[in-house]
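One-letter residues, chain by chain:
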Amino acid sequence: MQALKPLPRLAVAIGIAVLAAWASAAFAHDLSQANKTYVQSINGPAPMPFFYLGAKHMVTGIDHLLFLLGVIFFLYKLRDIVVYVSMFTIGHSTTLLLGVLLGTGLNSYLVDAIIGFSVMYKAFENLGGFRRLGIAINTKLAVLVFGLFHGLGLATKLQDLGASKNGLLENLIAFNVGVEAGQVIALAIVVVLLDFWRATPSFARGARYANLLLLLAGMALTAYQIAGYAQS
Amino acid sequence: MTDFAPATPPVTLPSRRRVIAGSAIAAVVLALALVFFIMPAELGIDLTGFGERSGLTGLAQKGPAANVYLQRGLQRKNVLFPLPADARPDEATLRATLAAHGMAAPAKLQTDHWQVELQPYENIEMKYLLKQGEPMIFAWRASAPVHVDQHSVPDQGGNPATESFVITDASAQTAVYVAPFTGIHGWFWQNQSLNPVTVSIEATGAFGRAVIFDQGGEHPRQLQPR
């Protein structure tokens, strides 16, 4: 890495951001057509398929993962990780459950654009952007609020499946539990990898660039969703 | 650059023993997830039978096979006869279509028309009561494409014995339908857009009654002859 000059470094950053956006295009809509017909044929409680879909959406949902990575990037104590991730969980579970039960239909592009923005926000905060601007932010509250938007995104995805009203509550709860299971799996992997990096001196130097990459990925996600909204 | 100095407490690399133990736990979790969840749900490979019992293998199915109701309905012959969109859903067209397939319509037929506005993401079902072998002709239109599932529920067997004949996104359908069994026969429509959509239907057939399923449950519906 030492040899990389600023320009190639930027090229690498853009490349990764583009890759992230491509992955999100492939994965963020993974709950659409293939599983749709099957889910619509489910009439009654079917906890395992919904649990699986919730977990799969979380593990393959690059937007949720990038936000979580940003949230825990500078968290060293397990207690802090649990507190922040709990705020995120409270946020997204609230809007997931309420959104589906009340049948709130929001445009999925707009919700996903806000989720992309949440990644930008977190990266900007990690870069010390708000401190430099002299803005004090309650970071726990921010994670809770963005969690609410992530939950709206989940609710929109689940409603797009057109699941039957019969057994909806059980299936919704199973989906939510699946989301949390997927989150624990993803977090376990991310924390282990992050801790390996943190143990090397390159972390102090690379943290800044990692968050710049995160910011770029957030921008790519947001731009991708806004472009989708403009076309729809 | 200087104010970018978040507290970075020293982190030590885990011991060899912790790495081995952690990797072993991760490998076991991965193996369990693969065998019990990922292989049944993604590939349909069900080593333990858990995938079949929990319904996970259903996620691995693609296309019409993914829907057991559609699979059953598509095996039926002489049930659905699609017509051009401009065909009139009247008695003459019904009798002519049936005659062309060597069938006859009962002497007494009813006409009906109905219209509903679906709010964003709202869905509704409307079905006619037909006995086995009784025909109808119908034409429905929507002001924008809607998700539709044309299906029938037999009196004998109820919901689990449902058969679907068409599941698609469409804004119109015109066809003659001959009931394969005694029960209720009709459509599930879902608005999948953010704008209200109007669905209207005209039908002629041997039905005597109609029924609606909406968020409030099941309601009988008075026929409205044309």
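Parameters and conventions
- Counting of residues starts from 1 at the beginning of each chain's written sequence and follows it residue by residue.
- Each chain is given a letter, starting from A, and each ligand a number, starting from 1, according to the order in which they appear as written.
- For a predicted model such as this one, the threshold for reporting local features is a pLDDT of at least 70, and the threshold for listing and counting side-chain atom pairs is 80 or more; totals across whole chains, interfaces and linings nevertheless cover every residue.
- As a rule here, side-chain values cover all heavy atoms of the structure and leave hydrogens and water aside.
- A run of H or I in DSSP becomes a helix once it reaches four residues, and a run of E becomes a strand once it reaches two; helices and strands are each numbered from the N terminus.
- Here, residues are in contact when the closest pair of their heavy atoms is within 4.5 Å.
- Residue exposure ignores everything except the shown protein chains as possible cover, and the areas themselves are Shrake-Rupley values with a 1.4 Å probe.
- Salt bridges are defined as contacts in which a side-chain nitrogen from Lys or Arg sits within 4 Å of a carboxyl oxygen from Asp or Glu.
- For every residue, the accessible area (1.4 Å probe, protein chains only) is compared with the maximum for its type, and the residue is labelled buried under 20%, exposed over 50%, or partly exposed between those bounds.
- As used in this structure description, the phrase polar contact means that two N or O atoms lie within 3.5 Å; if the pair is within protein, one of them must be able to donate a hydrogen and the other to accept it, and residues adjacent in sequence are counted only when both atoms belong to side chains.
- Aromatic pairs are defined between Phe, Tyr and Trp rings, using the six-membered ring for Trp, whenever the two ring centres lie within 6.5 Å; interplanar angles under 30 degrees are classed as stacked, those over 60 as edge-to-face, and all others as tilted.
- The criterion for a charge sitting over a ring is simple: Lys NZ or Arg CZ within 6 Å of the ring centre, and within 35 degrees of the ring normal.
- Residue-level confidence of the predictor is summarised by pLDDT, bounded by 0 at the bottom and 100 at the top.
- Helix span is expected to be 1.5 Å times the residue number reduced by one.
- The criterion is simple. A nonpolar core is a set of buried Ala, Val, Leu, Ile, Met, Phe, Trp, Tyr and Cys residues joined through side-chain atoms within 4.5 Å.
- The pocket and cavity definitions rest on a 1 Å grid over protein atoms only: a 1.4 Å probe that fits but cannot leave marks a cavity, an open set with protein on both sides within 12 Å along at least five of seven lines marks a pocket, and residues lining either have an atom within 4 Å of a point.
- Grid points are joined across faces, edges and corners, and a volume is the space filled by probe spheres set on the points.
- Throughout, the ten residues Ala, Val, Leu, Ile, Met, Phe, Trp, Tyr, Cys and Pro are labelled nonpolar, Asp, Glu, Lys and Arg are labelled charged, and all others, Gly among them, are labelled polar.

**Concerning the overall build of chain A**
And then number 1: A count of helices and strands for chain A gives ten helices and zero strands.
And then number 2: Put simply, chain A runs from its N terminus to its C terminus through helices and strands in the order α-α-α-α-α-α-α-α-α-α.
And then number 3: Counted over contacts in chain A with a minimum sequence separation of 6, partners at least 24 positions apart contribute 85%.
And then number 4: Put simply, chain A shows about 10500 Å² of open surface, and 73% of that area lies on carbon and sulfur atoms.

**Quick word on the pattern of salt bridges**
Residue and element names in this part refer to chain B.
And then number 1: As enumerated under the stated definition, the model contains ten salt bridges over all chains in all.
And then number 2: The partner of E163 in a salt bridge is R76, with the nearest N and O atoms 2.8 Å apart. With E163 in strand 5 (residues 163-178) and R76 in the loop between helix 3 (68-74) and strand 1 (80-82), the pair connects residues that are 87 residues apart, well separated along the chain.
And then number 3: When its relative accessible area of 7% is taken as the criterion, E163 is described as buried.
And then number 4: Taking relative accessible area as the criterion, R76 reaches 35% and is therefore assigned partly exposed.
And then number 5: Its salt-bridge partner being K127, residue E125 comes within 2.1 Å of it at the nearest N-O pair. For the pair shown, E125 and K127 are each scored as buried.
And then number 6: Linked by salt bridges that have partners in common, R88, E202 and R226 make up one network.

**Re the side chain of A:T139**
Residues and elements named next belong to chain A.
And then number 1: Mapped onto the elements, T139 comes out in helix 8 (residues 139-160).
And then number 2: Here the side chain of T139 touches Y84 through a polar contact of 2.7 Å, side chain to side chain.
And then number 3: Excluding its chain neighbours within four sequence positions, the residues that come into contact with T139 are Y84, Y121, K122 and E125.

**Quick notes on the packing of aromatic side chains**
Residue and element names in this part refer to chain A.
And then number 1: Using the criterion set out here, one finds 21 aromatic pairs over all chains in the structure.
And then number 2: Where F73 meets W197, the ring centres are 6.2 Å apart and the plane angle is 80°; that geometry is what we call edge-to-face. With F73 in the loop between helix 4 (62-72) and helix 5 (78-102) and W197 in helix 9 (residues 168-198), this residue pair connects regions lying 124 residues apart in the sequence.
And then number 3: For W197, a relative accessible area of 26% gives the class partly exposed.
And then number 4: These aromatic residues form a ring-pair network of at least three members: F67, F88, F117, Y121, F124, F130 and F146.
And then number 5: Looking at R198, its charged tip hangs above the ring of Y76, at a distance of 4.2 Å from the centre.

**Section: the confidence of the model for chain B**
All names here are of chain B.
And then number 1: Within chain B, residue pLDDT values average 88, and 94% of them lie at 70 or more.
And then number 2: Put simply, helix 3 is where chain B has its lowest mean pLDDT, 83, and strand 7 (residues 197-205) is where it has its highest, 96.
And then number 3: Model confidence for the complex: the whole-complex pTM is 0.61, and ipTM, which rates the interface, is 0.75.

**Considering helix 6 (residues 108-126) of chain A**
Residues and elements named next belong to chain A.
And then number 1: Across its 19 residues, helix 6 extends 27 Å between first and last C-alpha, which sits within 8% of the 27 Å expected from 1.5 Å per residue.
And then number 2: A distance of 2.8 Å separates the backbone nitrogen of Y109 from a side-chain oxygen at the start of helix 6, and that oxygen is part of N107.
And then number 3: G128 occupies a position one or two residues after helix 6 and carries a positive phi of about 80°.

**A word on the nonpolar core**
Most often, soluble globular proteins keep nonpolar side chains buried together rather than apart.
All names here are of chain A.
And then number 1: Counting 52 residues, the largest nonpolar core has I72, L96 and L158 as the members making the most contacts within it.
And then number 2: Breaking this core down by element, the ones donating at least two residues are helix 2 (33-41), helix 3 (47-60), helix 4, helix 5, helix 6, helix 8, helix 9 and helix 10 (202-231).
And then number 3: A total of eight residues in this core trace back to one element, the largest contributor, which is helix 9.
And then number 4: The residues touching L96, leaving out its near neighbours within four places in the chain, are G151, L154, A155, L158, L172, F175 and N176.

**Regarding the layout of surface pockets**
And then number 1: Reported here for the largest pocket is a volume of approximately 1400 Å³.
And then number 2: As for the largest pocket, its lining consists of 41 residues, of which A:V184, A:I185, A:A188, A:I189 and A:V192 are closest to the centre.
And then number 3: Those elements that provide at least two residues to the lining of the largest pocket are helix 3, helix 5 and helix 9 of chain A together with helix 1 (16-43) of chain B.
And then number 4: Tallying contributions element by element places helix 9 of chain A first for the lining of the largest pocket, with 13 residues.
And then number 5: Estimated volume of the second largest pocket: approximately 760 Å³.
And then number 6: The wall of the second largest pocket is formed by 31 residues, among which A:N43, A:S164, A:K165, B:E125 and B:F188 lie closest to the centre.
And then number 7: Elements supplying a minimum of two residues to the lining of the second largest pocket: helix 2 of chain A together with strand 3 (123-130), strand 4 (135-154), strand 5, strand 6 (183-190), strand 8 (210-214) and strand 9 (217-221) of chain B.
And then number 8: Along the lines of polarity and charge, the residues of the lining of the second largest pocket split into nine nonpolar, 16 polar and six charged.

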